[in-house]
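Fold and geometry: a report
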Amino acid sequence: MKENVGNLTIKVRLIFQPAEEAHIGAERVITSGDLEGVDLLVGYHKHPNLPIGQISAGNGRRNAAVDKFVVKLTGGWWSC
């Protein structure tokens with residue numbers, strides 16, 4: 001909470017990644033220089049399958065995938 005800011009013994013920086021679902025936001029954050037001097041990064045990604053009030057935590061990368069695919073439809077006459 002805001003009233004505890006004076007009690008911190010470390011520097012905290014909040015970083016919000018733009019375009020996260022489009023796979024371009026991380027590169028923007030990295031090239032912006034906003035991560036310079038950062039020793040530890042903790043990410044948050046909502047998980048709609050968890051009950052309200054619960055979190056899931058673990059070491060390493062999690063929810064770190066961006067997938068792309070192309071669908072090409074070919075064929076004859078299409079009627080509506």
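Heads up: the structure comes first, above all this text.
These lines cover the structure that appears in this document, whether it is placed above or below.

Reading guide: rules and limits
- Here, residues in each chain are numbered from 1, in the same order as that chain's written sequence.
- Side-chain atom pairs in this predicted model are given and counted only at pLDDT of 80 or more, local residue features only at pLDDT of at least 70, and totals for whole chains, interfaces and linings cover all residues.
- With hydrogens and water stripped out, all remaining heavy atoms of the structure feed into the side-chain values.
- Runs of H or I in DSSP of at least four residues are treated as helices and runs of E of at least two as strands, each being numbered from the N terminus.
- Working definition of accessibility: Shrake-Rupley area with a 1.4 Å probe, residue cover restricted to the visible protein chains.
- Patch members must show over 30% relative accessible area and no salt bridge, and they are joined within 9 Å when carrying like charges or within 5 Å when they are nonpolar side chains of Val, Leu, Ile, Met, Phe, Trp or Tyr.
- For this analysis, a salt bridge means a side-chain nitrogen from Lys or Arg found within 4 Å of a carboxyl oxygen belonging to Asp or Glu.

It is worth spelling out the overall build of the protein chain at this point. Tallying secondary structure elements over the protein chain gives one helix and zero strands in all. For the protein chain, the accessible surface area stands at approximately 8500 Å², while carbon and sulfur atoms represent 56% of it.

A few words on a nonpolar patch on the surface. Together, V5, L8, I10, V12, L14 and F16 make up an exposed nonpolar region whose accessible area comes to about 680 Å². On the secondary structure map, V12 appears in the segment before helix 1 (25–32).

This part takes up the environment of L41. Relative to the helices and strands, L41 is located in the segment after helix 1. C-alpha of L41 to C-alpha of R13: the two residues are 28 residues apart in sequence and 9.3 Å apart in space.

Nothing here speaks to function; it is geometry throughout.
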